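Architecture at a glance
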Amino acid sequence: MPTRPQLDEARAILQRVYGFKAFRGLQEDVISDVLEGRDALAVLPTGGGKSLCYQIPALIRPGCAIVVSPLIALMSDQVDALKQVGVRAERLDSSMDFNARTEALNAAQRGEMDLLYVSPEGLGTGLAQRLAGMDVSLIAVDEAHCVSQWGHDFRPDYRALGRLRELFPGVPRLAVTATADTRTRDDILAQLQLTDPALHVASFDRPNLTLSAEPKGGGRTARVVQLVKARGGVSGIVYAATRKGTEDVAEALERAGIPALAYHAGLDAEVRSERQRRFLLEEGLVMCATVAFGMGVDKPDVRFVIHADPPKTLEAYWQEVGRAGRDGEPAEGIALYGPSDMARSLSWTHQGDAPEEVKRVQLTKTRQLFAFFNGDECRRGAVRRYFGEEKVEPCGVCDVCTAEPGQAHDATRWAQMAVSAVIRCGQKVGRGRLVLHLMGTTKDGFDEQLSTQSTFGVGKDLPKAGWDRVFDALLFDGMLAEGGDLMRPSIIVPDGEAARALFRGERTLMLREDVAAARKKPAKGRSVASAAAVADLSGRDQDLFDALRTWRTDTAKARGVPPYVIFHDRTLAEIARERPGSPDALRQISGVGEKKAQRYAEDVARIIAEAA
Ligand code: ADP
Ligand code: ZN
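Where an unreviewed UniProt entry is consulted, the protein appears under the name DNA helicase RecQ, with the organism given as Hyphomonas chukchiensis. What UniProt records for the protein under Catalytic activity (unreviewed entry) is the sentence "Couples ATP hydrolysis with the unwinding of duplex DNA by translocating in the 3'-5' direction." Here the protein is described in UniProt, under the heading Sequence similarities (unreviewed entry), as follows: "Belongs to the helicase family. RecQ subfamily."

Dropping the structure here:
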């Protein structure tokens, strides 16, 4: 056990340096192990406060801590934030000039440095030897799942970190990650060669996340714009499956007056890092990205993650959605999904050249993902159960938990029309044209040919949105399937026997909603995650809050750091409410440590006075 005074000191540092009142979740347990000098693996959800688990012991144990981090952006963010609270930290990476590196190393050698951030490949050079000659307090491996081939962020350089064990005998090593399946976990322990490690695995619950999922229907991009607009002026991420998808969405958002950027692997490295930098520095920017954007995006005030296309697996979903609301304030995850996404994903796996058993795992994961989206189990509850948690309570806020208890609606009649139209059109027509055909609309010559079929126009009583739901349901059900060209699939009837049972009325299609009354979804009224909702302030306090935010934007710009590095929204809101009249009173606000109180007390006092 670490000594009592050490834990007391940890608590004192939490308050004095960071301005936080109490440890969160497993933080104290992890810190206690590291203080004791023990190796440990901590699996904490995103936003769980992993960095404090090594930063605080680094401030208590003698010597300098080494933090291995996979991305320069991640390192520089943390180093910026640490400097703001008066901790002596630097990063050593290839982008720094020789003198700055030498200076940082010399300072560490003299015992004047608390933390040094390094990249795994940086450690591959002579650096490790040099560091081994110093007094090292602990080694932290951030994003430790990068070591595992099972994870989605595998980095070969991480594999070499096992040798830290020999290079730094007796120095405690702490691995932290938010990816928790047992295979990855075992891989981390084995690859990093942790000695008798303490294992800390937190719950996967993210109580501040409100989740929902909805079928795509037509007009996916328009729907995304509508959703983003309803969330007015906050930072968010929109994930799309393709490069073109990210650009389409970004353009549509820009046209709607919402600042947005596209991000994907097809852009130059410089463009990408510039866009990522802007996303961190500016407020209210929406990043439209492929999964190339993600790791290293430790922006705490991302208020929503929208999947314009579904993710690959539930693990990926949780990781991606988890980028919203790291600051613990309300945030949303909204996913759009459709049967063709599922079909495409399955067929890519089938066609891929992975070994059979890997394919089987992937196919199962795809089906589980779509069962989750299409299912009617509490969203957060379903994810937690998927990750092996037991006794999970429904969240009470997701789209499933808040849905009106619906009766089932019989849509068999519409299903029969749809399936016979598919047959009449020779199983050669795509979904969009089938709907037009059923509604009796001709678009071009091709449809005119088909307009002689008896199914032409039989479904004109059902609005397009209704037909979208019917086709979704039939495709998920397997009554219909997509065939032919992967990108422009035609709809087919895979099982003639099932179709005949449908026509005879032996098989039915029941839906949760009355498709005849189906309309385009309204934008959700009030977003749970606007800056104002975070603050929840009265009108007068709201004005002060806005003034403080303006001040924060200016200060951040002047210092060249992201606004949240100065103060979080929550901290500004508390200042607006409490109106602390002295530096001491300011220190009482959560998120205000000693250094920031000194540095900003005057500014804050002035803004409060001006607002009074
Ligand atoms: P993770 O790396 O686990 O996603 P971070 O270490 O970036 O999380 O922490 C997420 C946010 O929570 C940060 O803004 C951090 O300042 C804040 N935080 C961490 N620990 C606490 C705590 N004990 N009390 C209040 N806020 C905390
Ligand atoms: Zn729920």
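That covers the picture; the talk isn't over yet.
A word on the overall build of the protein. Counting its secondary structure elements, the protein contains 26 helices and 17 strands. Computed over its C-alpha atoms, the radius of gyration of the protein comes to 27 Å, within 12% of the 25 Å expected for a compact globule of 612 residues. Here the contacts in the protein between residues at least 6 apart in sequence split such that 73% fall between residues at least 24 apart. Surface exposure of the protein reaches about 26,800 Å², of which carbon and sulfur atoms provide 49%. Of the side chains in the protein, 81 bear a positive and 84 a negative charge, and the two mean positions are spaced by 2 Å.

Parsing the protein into structural domains produces domain 1 (4-201), domain 2 (209-341 + 396-402), domain 3 (409-517) and domain 4 (528-611). Look at where the C-alpha atoms of domain 2 and domain 4 centre, and you get two points 27 Å apart. Each partner contributes to the interface: domain 2 provides 15 residues, whereas domain 4 provides 14 residues. Taking both sides of the interface into account, the surface hidden between domain 2 and domain 4 amounts to around 1,300 Å²; carbon and sulfur atoms contribute 57%. Of all residues in domain 2, Leu-281, Glu-283 and Glu-329 give up the largest surface area on contact with domain 4, accounting jointly for 40% of the area buried on that side. One can count three salt bridges joining domain 2 with domain 4. In this structure, Arg-570 engages Glu-329 in a salt bridge whose closest nitrogen and oxygen atoms are separated by 2.9 Å. Counting across the interface, domain 2 meets domain 4 through four residue pairs in polar contact (both at pLDDT 80 or more).

Looking now at the nonpolar core. Counting residues in hydrophobic clusters, the biggest one holds 70 residues, and the most contacted among them are Leu-116, Leu-131, Phe-293, Tyr-317 and Phe-373. Per-element tally for this core: the top contributor is helix α14 (residues 356-374), with five residues. For this core, the domains that each give at least three residues are domain 1 (4-201) and domain 2 (209-341 + 396-402). Setting aside residues up to four positions removed in sequence, Phe-373 forms contacts with Ala-213, Pro-310, Pro-311, Tyr-317, Ala-335, Tyr-337 and Arg-379. Counting residues in each nonpolar core, the second largest holds 36 residues, with Leu-14, Leu-35, Leu-44 and Leu-115 among its members.

Taken together, 15 residues lie around ligand 1, and Gln-27, Gly-47, Lys-50, Ser-51 and Arg-326 are the ones closest in. Measuring from an oxygen atom of ligand 1, one finds a side-chain N or O atom of Arg-24 at 3.0 Å. Contacts to ligand 1 include Gln-27, whose side-chain N or O atom sits 2.9 Å from a nitrogen atom. Partitioning the shell around ligand 1 into residue classes produces five nonpolar, seven polar and three charged.

Each value, and the rule that gives it
Residues numbered from 1 in each chain as written. Chains lettered and ligands numbered in written order. Predicted model: local features only at pLDDT ≥ 70, side-chain atom pairs only at ≥ 80, totals over all residues. Heavy atoms only, no water. UniProt positions renumbered as here; feature names shortened; annotations may be inferred. Helix = DSSP H or I, 4+ residues; strand = E, 2+ residues; numbered from the N terminus. Rg over C-alpha atoms; globule rule 2.2 N^0.38 Å. Contact = heavy atoms within 4.5 Å. Areas by Shrake-Rupley, 256 points an atom, 1.4 Å probe, with all protein chains shown as cover. Lys, Arg positive; Asp, Glu negative; His and termini not counted. Charge placed at Lys NZ, Arg CZ, Asp CG, Glu CD. Domains from an automatic or database assignment. Buried area = accessible area lost by both parts, 1.4 Å probe. Salt bridge = Lys/Arg side-chain N within 4 Å of Asp/Glu carboxyl O. Polar contact = N/O pair within 3.5 Å; in protein donor to acceptor, adjacent residues only side chain to side chain. Core = buried A, V, L, I, M, F, W, Y, C linked by side-chain atoms within 4.5 Å. Buried < 20%, exposed > 50% of the residue type's maximum accessible area, 1.4 Å probe, protein only. Near = heavy atom within 4 Å. Nonpolar A, V, L, I, M, F, W, Y, C, P; charged D, E, K, R; others polar.

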